[in-house]
Amino acid sequence: MELKLYMFETCPFCRKVIREIEKEGRTDIAFHDIHKNEEDLRTLIEVGGSQQVPCLFIDGSPLYESDDIIKWLRDHSQVR
Ligand SMILES: N[C@@H](CCC(=O)N[C@@H](CS)C(=O)NCC(=O)O)C(=O)O
């Protein structure tokens with residue numbers, strides 16, 4: 001499963017999701033900082049339909065809302 005988190009560093013909702021990722025010790029999520037990479041910003045808007053972050057792309061499907069992302073992460077532990 002391909003997981004990409006669209007985020008930027010100072011976003012408190014992103015920090016909340018990143019804290020959960022760190023707490024779980026997950027290493028299967030690629031971070032895409034939309035303030036550092038214009039292509040990431042374009043992809044987020046084009047595919048997700050909004051530039052709101054955080055947004056987790058799950059095999060290319062966007063999931064917005066930090067609480068929903070955290071719930072999804074808890075429901076789908078990393079397979080090691
Ligand atoms: N309810 C959302 C709030 C997310 C949010 O407000 N993110 C801000 C950055 S801190 C943002 O992306 N604002 C721009 C926008 O919504 O287009 C969540 O919990 O994920």
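Trainee: Requested: an account of the packing of helix α1 (residues 12-24) against helix α3 (residues 66-75), with residues and values cited.
Mentor: Running from amino to carboxyl end, α1 crosses α3 at an angle of 10°, the nearest separation of the two axes being 9 Å. Here α1 lies roughly parallel to α3, going by the angle between them. Listed contacts from α3 to F13, K16, V17, E20, I21 and E24 of α1 are S66, I69, I70 and L73. Among the residues making up the contact of α1 with α3, the classes are represented as six nonpolar, one polar and three charged.

Trainee: Kindly report on the sheet that holds strand β3 (residues 55-58), identifying the contributing residues and their values.
Mentor: What the four strands build is an open sheet, ordered β2-β1-β3-β4; its pairing is mixed. Among the strands making up the open sheet, the edge pair consists of β2 (29-33) and β4 (61-64). This sheet shows a mean twist of 25° between the axes of neighbouring strands, independent of strand direction.

Analysis parameters
Residues numbered from 1 in each chain as written. Predicted model: local features only at pLDDT ≥ 70, side-chain atom pairs only at ≥ 80, totals over all residues. Axes fitted to C-alpha atoms, helices over the stretch in contact; angles between N-to-C directions. Helix = DSSP H or I, 4+ residues; strand = E, 2+ residues; numbered from the N terminus. Parallel < 35°, antiparallel > 145°, perpendicular 65-115°, else oblique. Contact = placed C-beta atoms within 7 Å. Nonpolar A, V, L, I, M, F, W, Y, C, P; charged D, E, K, R; others polar. Pairing = 2+ DSSP bridges.

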